[in-house]
Amino acid sequence: MPVTHPDAGPRRRPPLPDLVVSIAGALFVLAGAAGLVPGPAAVALAVAGGSALACVRLAWLAGVPPMPPDPPGVTPTGRPAGIPRGPATPPEPAAARPTGRRARRVALSRRVAGILDAAVLAAGLTVAVLPLSDPAHRLPVALAGLAITGPLYAVALLRLPGRSRLSGGERLRRAVDAVGLGVSLVFAGWVLLPDGPVPPPARAASVGGALALAVLLVAAVAERRRRPGAAGCHAGAAATVGGLALLVVLLACAAPDRALPAVAPPLLAGALLTAAGARRTAAGERPRTGAAPAAWPGLTAPAGIAALAAGHHLWTVGEFTAPAIALGLSVIPPMVVREVLAAADQRRRAERLAAGEARLRHLAGEDPPPADAPPADRAELARVLARRAGGALLVVDLHGADETAVLDGPVLAEVVHRLRSGSGPHDLVARLTDAEFAVLTDLGPVPAYALGIRLLAALAEPCPRPGGASRIRASIGLAETTGGEPEDVLRQADLARRRAVQLGRDRVEWYDAYLEEQLVRRLDLERELPGAVARGELDLVYQPVLALADRQPVGTEALLRWRSPALGTVLPEELLPVAADLDLLGEVGRWVLDRACRQLADWSGSGRELWMAVNVTPRELAAPDFVARTATALAAHDVPPERLVVEVAEPAVAPELSTVVARLAGLRSLGVRTALDDFRAEHASLAQLRRLPIDLLKVGPHLVGPGADGQRPLIDVVANLGDRLGLEVVVEGLESDVQVAGARRAGCRYGQGFALARPAPAERVEAWFEEFPSTPR
C-alpha cells in the first residue's frame, strides 16, 4: 500500500503572471547595471509590472463582496472540520453559521486590502517618476514616497484580521528580537556607508529603515505558522520599506545611476508578497496554534549580519570608528537576553509536554480511570506530537457488535489493558473520546501497520463482563507523524479511521492524499444529497435496447443522474452508496420509478410500444411495500405492467436471496417483467439462477470474446442456457461491431451499448426513435 507524507502533493508553483514580471524585472535590472538602460528608467521598468499586477489584485480584493459562510462541517481551508460517525448529516457547527463577527472580519479584510493597495501604488509611483524628474528633485520624491508608504503599511498591518493579544512573554521576546536585529542592521548600515560626512537624509533613512525592517521581519517570522497570509504582508512591507530606504540612501549619497537598479528587487518582491499575503488573508486562513516559536532567527540573524558587515568593513577600510565599535558591541546584549529567554521557553515547553504526556498516560494507563471519567483534550496530544521527530499515529475507533459505542467500566479496563499490552514500552496510549483511543508510536509506517493489525486481533477477542462476554469491533486509521503539523497528523489519522469505518470496520486504513480527496468528496455528497429530490436535481437518461436481428428499438433502460449545482453530474456508482448510508434509497427509488413510468406513458401514447428497464438494489427490493408501490406507479400513469422491467444486479442478490425471490415473484404476479443484471456465468450464479423468477438475463460483453484454449465463447453457453430456461438474453456494454456480431451469432436476441445507441435525455431518444418504424414488440 503506498504511503505519502502529509505534504507529499505537488508543490505550488508561482503563478505565470508573477513569473513573467519577475523575469522581466530581472532583465531590466541587468540592463541598468550594465549601463544599457539609464538607472532610473531601469528601476521604473523593473518595478512597473509587479506593482501594476499587485495593485490590480489588491483592488479586486478591496472590491469583492463578503464571502458566503463556510459549508457545514468544512473549515475555511476546505478541510473537513469533523468526522461524522453515523449516516446522518452532522449538525452545522457554530463557526459555520453566518454571524456579524464573520461579516465584520470580511469587511475589515476589504478595507485592509484597499490600504495595502494604496501603499503598493505609492511605492510604485515613487520609482515611476524617477526618470521623469530632474536629478535634484529625485531625493525629495524618494523621501515623500517613503513617508507615504511607511504609514500606509503600518495602518494596514495593524488592522489585519486574526491578530491576537500577545502575552507578556511573547511581547518581550518580539521586542528583544526586534532590538537585536535592528541594532545589527543599523551597525551594518553605519559601517557600509561611504567614508566622510554622511548626508542627514541618508543617515536617517538607514537608521529608520533598519529599525522598521527589523520590526517587520520579526513579525513576519513570528506569524508565518499561525497566520501565513499576515506573515506575507509583513514580509512584503519589509521588502518595500527596505527598498525605498535604500533608494533614499543612494540618492542622498549621490551614487551613480548604475547603482539604482539595486532597489528594484526588494520593491518588486515587496509588491508581489503583499498581494499574495492579502489574498490569502481575505480567503479566510485558519490560524494555527500550538507550534513552538522558532528561536534560531532571533539568535543567528543579528550575529550573522553584524559579522558580515564587520568583515566587509575590515576588508575595505581596515579600522572602526568609536561609534561603529559601540554599535557593534551593542548587538551582544540582546543576543544574550534572547538566549536566556529561549532556554527558559524550552524548559517550560518541556515541562508542559511532560505534564501533558503524563496526563494522557494516566487516562490510559495500567490503572485506567472510571468509565464515567471525562476523556479531554486533543490539544495535549497535538503538543506531544509536536515533540516527536518521527513515527506514526494510530486512531482506534471502538464499537460494540450491535454498532453501539458504549464502553462500561470492565470493558474499558480490558480494552485499555489490551492496547497497552499490544503496544511497545515507549508507545503512548491515550483515550480521546468515550470510544476512541490514540496510539502514538516511534515505529515506521510499515511496522506501525503491523502494530495496528496486532491491536485489531487483540481487540477482536470477547471481553469478559458481568453476565456474559462483550465483543468489540475496531476501526484503525494510521498516519505518519513525519513532516506535518500536529493538527494535520490528527486529521489525517481521523480520515483514515473514517475510511476504515466506511469499508466495514475491523481493518486498518493508511492515510494517503487520494484518500483525503475521496473522503472530502464523500462529505460533499453527504451534505448535498439530502433534499436533492425536492430541489429537482435528479434526472434520468435513457439507453435504447435494440433487437440484434434488425437493429430496431424494443426498449430502453432508465439510468439515474444527479445534476448537482455544486458537484456537477454524479453517477449512480457514487450516488447510491451515499443514499444508502443516509437512508435515502427509498426516496430516490420512488422518484426513479415514478419518472420512468411517466416517460414510458408518454412514449406509449405516441404509438410506440417499448419497455422500460429500471434498476433497483436488493435493499429497495426488500422493502415490504415495494410491490404495492410499483402497482401504484403503473396505475397512476396507466402503463401496462408488461412494459416495465425491474432489474436487480446478480452479485448483490446472494445475501438477500429469499427476499429477492419473493419480491420478484410478486412483481411477476402483477405482470411486470423482471431481469437479472450483471450475470457472471459462474457455478454459484448458475445455481441461484434456477431459483430466481426472472424473464430477462443481462450479461456483459466479456462473455462474447473467444474462450480460453480456443474453446467456444461463453456467450454461446449462456444463450443455450437461456433457451432451456425460457429466458431472453440481453448483451449490454457492446462497444464494437465485432461484439455485436458475436452476440448475434450466439443467438442472443437483444443488445445494448455504445455500438448501438448511447444514453441520452428523453427528447433526444424520442427524436432518435423517429428514424425507425413504429413496430410493436
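Since this is a predicted model, take the numbers as computed values, not measurements. (Residues numbered from 1 in each chain as written. Predicted model: local features only at pLDDT ≥ 70, side-chain atom pairs only at ≥ 80, totals over all residues. Heavy atoms only, no water.)

1. Topic: the pairing of strand E12 (residues 644-649)
To keep it simple, the criterion reads: In this scheme, a residue with accessible area under 20% of its type's maximum is buried, one over 50% is exposed, and one in between is partly exposed, where area comes from a 1.4 Å probe on protein chains only. For helices the rule is a DSSP run of H or I covering at least 4 residues; for strands it is a run of E covering at least 2, with both sets numbered from the N terminus onward. Pairs of strands are assigned from DSSP output, requiring at least two bridges between the strands.
Most of E12 is tucked away, with five of its six residues classed as buried. Bridge count for E12 against strand E13 (residues 673-679) is five bridges, and the pairing is parallel. Paired with Ala 649 across the bridge in E13 is Asp 677.

2. Considerations on the pairing of strand E2 (residues 428-433)
For a regular strand, side chains alternate in direction, first toward one face of the sheet and then toward the other. Counting buried residues in E2 gives five out of six residues, a clear majority hidden from the surface. Sheet topology note: the E2/strand E3 (residues 436-441) ladder contains five bridges and is antiparallel. The partner of Ala 430 across the bridge, within E3, is Ala 438. Between the end of E2 and the start of E3, which pair antiparallel, lie two residues.

3. A closer look at the layout of surface pockets
To find leftover empty space, one rolls a probe the size of a water molecule over the atoms. The test is simple: Points on a 1 Å grid, built from protein atoms alone, make a cavity when a 1.4 Å probe fits but cannot get out and make a pocket when they are open with protein on both sides within 12 Å along at least 5 of 7 lines; residues with an atom within 4 Å of a point are the lining residues. Grid points are joined across faces, edges and corners, and a volume is the space filled by probe spheres set on the points. Each residue receives one of three labels: charged for Asp, Glu, Lys and Arg, nonpolar for Ala, Val, Leu, Ile, Met, Phe, Trp, Tyr, Cys and Pro, and polar for the others, Gly being one of them.
Size it by volume and the second largest pocket reaches roughly 940 Å³. Together, 37 residues line the second largest pocket, and Glu 557, Leu 559, Pro 572, Glu 573 and Asn 615 are the ones closest to its centre. Put simply, the parts of the chain that give the lining of the second largest pocket at least two residues each are strand E9 (553-564), helix H17 (572-581), helix H18 (585-605), strand E11 (611-616), helix H19 (618-621), helix H20 (626-636), E12 and E13. Top contributing element to the lining of the second largest pocket by residue count: H18, with six residues. Partitioned by chemical class, the residues of the lining of the second largest pocket number 20 nonpolar, seven polar and ten charged.

4. Considerations on the environment of Leu 567
The condition that has to hold: Residue contacts are defined here by distance: any two heavy atoms, one from each residue, within 4.5 Å place the two residues in contact.
With respect to the helices and strands, the residue Leu 567 is situated in the loop between E9 and strand E10 (568-570). In this structure the C-alpha to C-alpha distance between Leu 567 and Leu 525, which are 42 residues apart in sequence, comes to 7.9 Å. The residues contacting Leu 567, other than those within four sequence positions of it, are Arg 521, Asp 524, Leu 525, Glu 528 and Trp 562.

5. Quick look at a negative patch on the surface
Threshold: Each patch groups residues whose relative accessible area exceeds 30% and which form no salt bridge, using 9 Å between like charges and 5 Å between nonpolar side chains of Val, Leu, Ile, Met, Phe, Trp and Tyr. Accessible surface area values rest on a Shrake-Rupley calculation with a 1.4 Å probe, where residue burial reflects the displayed protein chains alone. Any Lys or Arg side-chain nitrogen located within 4 Å of an Asp or Glu carboxyl oxygen qualifies as a salt bridge. Counted as positive: Lys and Arg. Counted as negative: Asp and Glu, with His and the chain ends omitted from the count. A charged residue contributes its charge at one atom only: NZ of Lys, CZ of Arg, CG of Asp or CD of Glu.
A cluster of acidic residues, Asp 602, Glu 763, Glu 766 and Glu 770, forms a negative patch on the protein surface. Relative to the helices and strands, Asp 602 is located in helix H18.

6. Details of the packing of helix H13 (residues 409-422) against helix H14 (residues 445-460)
The test is simple: To obtain an axis, a line is fitted to C-alpha atoms, over the contacting stretch when the element is a helix, and the angle between two such axes runs from 0 to 180 degrees between their N-to-C directions. When the near helix sits turned anticlockwise from the far one by under a right angle, the crossing is termed left-handed; a clockwise turn instead gives a right-handed crossing.
Remark: H13 packs on H14, axes separated minimally by 10 Å, with the N-to-C direction vectors making an angle of 145°. Considering the relative orientation of H13 and H14, their crossing is right-handed. Together, Val 415, Arg 418, Leu 419 and Gly 422 of H13 and Leu 451, Arg 454, Leu 455, Ala 458 and Leu 459 of H14 make up the contact between the two elements. Residues of the contact of H13 with H14, tallied by class, amount to six nonpolar, one polar and two charged.

7. Observations concerning helix H6 (residues 200-223)
Because the α-helix completes a turn every 3.6 residues, residues three or four places apart line up on one side. Note the threshold: To estimate the expected span of a helix, count its residues, drop one, and scale the result by 1.5 Å.
Relative to the 34 Å expected for 24 residues at 1.5 Å per residue, H6 spans 34 Å between its end C-alpha atoms, a close match to the ideal helical length. Of all the residues in H6, the buried ones are Ala 202, Ala 205, Ser 206, Gly 209, Ala 210, Ala 214, Leu 216, Val 218, Ala 219, Ala 220 and Glu 223.

8. Details of the environment of Ala 500
Its location among the elements puts Ala 500 in helix H15 (residues 486-502). With a relative accessible area of 0%, Ala 500 lands in the buried category. Between the C-alpha atom of Ala 500 and that of Ile 476, which follows or precedes it by 24 residues, the distance is 6.5 Å. Contacts of Ala 500, omitting those with residues within four sequence positions, involve Ser 475, Ile 476, Arg 505, Arg 507 and Glu 509.

9. Details of helix H24 (residues 737-745)
Selection rule: This arc is taken over the directions from the axis of the helix to the C-beta atoms.
Taken together, the buried positions of H24 are occupied by Val 740, Gly 742 and Ala 743. All buried residues of H24 project into a common sector of 165° when viewed along the axis, lining one side. Facing away from the buried side of H24, by more than 90 degrees, are the exposed residues Asp 737, Val 738 and Arg 745. Those residues of H24 that are buried are in contact with strand E15 (728-731).

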